[in-house]
Amino acid sequence: MLQGGGALGAYQAGVFEVMAANLPREPHWVAGISIGAINAALIAGNPPERRVERLREFWHRVSSGVVGVSPLIDEQRSAFHQLSSAFTAAFGVNGFFRPRLIPPLMHPDGTLEAISVYDTTPLRSTLESLIDFDLINEQRIRLSLGAVNVRTGNSIYFDNTQQRIGPEHVMASGALPPAFPPVEVDGELYWDGGIVSNTPLQYVLDNHRKGRLLVAQVDLFSARGDVPATLGAAMARQKEIVYSSRTRFNTDRAAEHQRDHMALRKLIERLPAEFRDDPLLQRLTGRGCQDHIDIVHLIYRHSRFELESSDYEFSRATVEQHWEAGQQDMQTTLDHPEWLNKTDQGDGVTVYDLTHDHRNLVANHP
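Just so it is clear, the structure is predicted and the values come from calculations on it, not from any experiment.

Explain the pattern of salt bridges here, please?
Should their charged atoms come close, side chains of opposite charge can pair. Per the counting criterion, the structure on display carries 15 salt bridges. One salt bridge in this structure joins Asp 119 and Arg 98, with 3.2 Å as the shortest N-O distance. Highlighted residues: Asp 119 in strand S3 (residues 118-119) and Arg 98 in strand S2 (residues 98-99), separated in sequence by 21 residues. A relative accessible area of 17% means that Asp 119 is categorised as buried. We note a salt bridge from Asp 294 to Arg 212, for which the minimum N-O separation is 3.0 Å. Of this pair, Asp 294 sits in strand S9 (residues 293-299) while Arg 212 sits in the loop between helix H8 (201-207) and strand S8 (213-219), and the two are 82 residues apart along the sequence. Looking at Asp 294, the relative accessible area reads 3%, which means it is buried.

Encoded structure:
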């Protein structure tokens, strides 16, 4: 499960690279929102041996060639990030989006150009060149992409088990206003799914019924963080809280729902046999996953020099740092497989909240 977060999405690609190289089988389901939807489509829309290659090609294409900032001190790196993000805001990102030559206020009301700053036509060409949508629609891997209906305000998921997926579905999931225009799908306009919820967790749990479930939830904003000391840091912290609050809420709510469901099943098993076939009880027991759920929660931790522009800072150097951070966190997780033995609590769900503080990893499982 891949959260939205713009340029930070290279972290998810790093996580997947290590996962793909070490796990004995491929995932059977990939769900994403915004940049997570693009990464998810790149995974589902390529054969196993080409997935990492295609992810690298995408992130190489959308990042500028500026490299070599690592020797700089934090203050210089912060300045570099601000300058790089200002360049992105002014000139767009190759293969992703470009500024409109005529500003929105000069376009007729009601047009897509009047309600967005950038043109995302380049993204469609990028997606079509890197993703095999026929392969996606063969359903070898289930793909779910979160979006929001502009007219109704309702969250919706485009799912290759329910409809044919094309580049427009991926673009709709990442159409964050007012930067990007909404995308039309089947006569309706859609915006970025992160407006309602930046994680697909609830959708996955609501639509998975049978079999034990192991979820890798890869988030790009942390709910926990330091009290900011500067205005830029305050803006960055505000963005982290906005985009992570729903994630934390959904994770806690989903875990509690699963525990309630498992407790209900155990209670029903104690009832006399003549009551167990009651339609009301069947309806209650039919909701939710029937087996144990493990949720491994990996979260990108922002560096001190990354401020409010971290999600649109697309320099090559920073994209590579995000990718490497994902590799390191996933490898550390795989180096401690004993944590996955702690699933015998009998309440239906175990959440592993993995935090890398440069000294050790802490696993919290309620």
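Whenever I open this one, helix H2 (residues 35-44) confuses me. Can you help?
The buried fraction of H2 is high, at 10 of 10 residues. What H2 keeps buried is the set Ile 35, Gly 36, Ala 37, Ile 38, Asn 39, Ala 40, Ala 41, Leu 42, Ile 43 and Ala 44.

I would appreciate a short explanation of the packing of H2 against helix H3 (residues 51-61) in the present structure.
Each pair of packed helices can be summarised by the angle the axes make with each other and by the distance between the axes. Two numbers describe how H2 lies on H3: the axes approach to 8 Å, and their chain directions differ by 140°. As the angle between them shows, H2 and H3 are arranged oblique. Both H2 and H3 take part in a crossing whose hand is right-handed. Contacts between H2 and H3 pair Ile 35, Ile 38, Asn 39, Leu 42 and Ile 43 from the former with Arg 51, Arg 54, Leu 55, Phe 58 and Trp 59 from the latter.

Would you take a moment to explain the side chain of His 297 for this structure?
The residue His 297 is located in strand S9 in this model. Judged by relative accessible area, His 297 falls into the buried class, the value being 2%. Within the structure, the side chain of His 297 is placed 3.4 Å from the side chain of Gln 217, a separation counted as a polar contact. Separated by 2.5 Å, the side chains of His 297 and Asp 219 make a polar contact.

Help me understand the side chain of Gln 202, please; the structure alone is not making it clear to me.
Here Gln 202 is to be found in helix H8. Taking the relative accessible area as the measure of exposure, Gln 202 reaches 15% and is therefore buried. Polar side-chain contacts of Gln 202 include one of 2.9 Å to the side chain of Asp 206.

Looking at this model, I keep getting lost on the packing of aromatic side chains. Mind explaining?
What describes a pair of aromatic rings is the distance from one ring centre to the other and the angle between the planes of the rings. Taken as a whole and assessed by the stated rule, the structure comprises 13 aromatic pairs. When the centroid spacing of 6.0 Å and the interplanar angle of 35° are considered together, the rings of Phe 96 and Phe 180 count as tilted. Placement of the pair is Phe 96 in the loop between helix H4 (74-91) and S2 and Phe 180 in the loop between helix H7 (167-173) and strand S6 (183-185), with a sequence separation of 84 residues. Phe 180 carries the same exposure label as Phe 96, and that label is buried. Ring centres 5.1 Å apart and planes at 80° place the aromatic pair Phe 158 and Tyr 190 in the edge-to-face group. A residue pair is termed long-range when its members are at least 10 positions apart, and Phe 158 in strand S5 (residues 155-159) and Tyr 190 in strand S7 (residues 188-192) qualify at 32 residues. Residue Phe 158 is classed as buried on the basis of its relative accessible area, which comes to 2%. Following the ring pairs from residue to residue traces out a cluster consisting of Phe 58, Trp 59, Phe 96, Phe 97, Tyr 118, Phe 180 and Phe 314.

Just to check I follow, could you spell out the pairing of S5 for this structure?
Walk down a regular strand and you will see the side chains alternate between the two sheet faces. Note: strand S4 (residues 142-149) against S5, 5 bridges, orientation antiparallel. Paired with Ala 147 across the bridge in S5 is Ile 156. Between S4 and S5, which pair antiparallel and follow one another directly, the connecting turn spans 5 residues, one of which, Gly 153, has a positive phi of 80°.

Is there a simple way to explain a nonpolar patch on the surface in this structure?
On the surface, a nonpolar cluster with roughly 570 Å² of combined accessible area is contributed by Leu 101, Ile 102, Leu 105 and Met 106. Within the secondary structure layout, Leu 105 lies in the loop between S2 and S3.

I would appreciate a short explanation of the environment of Pro 200 in the present structure.
Within the secondary structure layout, Pro 200 lies in the loop between S7 and H8. A relative accessible area of 1% places Pro 200 in the buried class. Spatially, the C-alpha atoms of Pro 200 and Gly 4 are 9.9 Å apart, while their sequence positions differ by 196 residues. Non-local contacts of Pro 200, meaning those with residues more than four positions away in its chain, are made with Met 1, Leu 2, Ala 31, Gly 32, Ile 33 and Tyr 157.

The rules we used
- Residues numbered from 1 in each chain as written.
- Predicted model: local features only at pLDDT ≥ 70, side-chain atom pairs only at ≥ 80, totals over all residues.
- Heavy atoms only, no water.
- Salt bridge = Lys/Arg side-chain N within 4 Å of Asp/Glu carboxyl O.
- Helix = DSSP H or I, 4+ residues; strand = E, 2+ residues; numbered from the N terminus.
- Buried < 20%, exposed > 50% of the residue type's maximum accessible area, 1.4 Å probe, protein only.
- Axes fitted to C-alpha atoms, helices over the stretch in contact; angles between N-to-C directions.
- Parallel < 35°, antiparallel > 145°, perpendicular 65-115°, else oblique.
- Left-handed = near helix turned anticlockwise from the far one by under 90°.
- Contact = heavy atoms within 4.5 Å.
- Polar contact = N/O pair within 3.5 Å; in protein donor to acceptor, adjacent residues only side chain to side chain.
- Phe/Tyr/Trp six-rings, centres within 6.5 Å; stacked < 30°, edge-to-face > 60°.
- Pairing = 2+ DSSP bridges.
- Patch = residues over 30% accessible without salt bridge, like charges linked within 9 Å, V, L, I, M, F, W, Y side chains within 5 Å.
- Areas by Shrake-Rupley, 256 points an atom, 1.4 Å probe, with all protein chains shown as cover.

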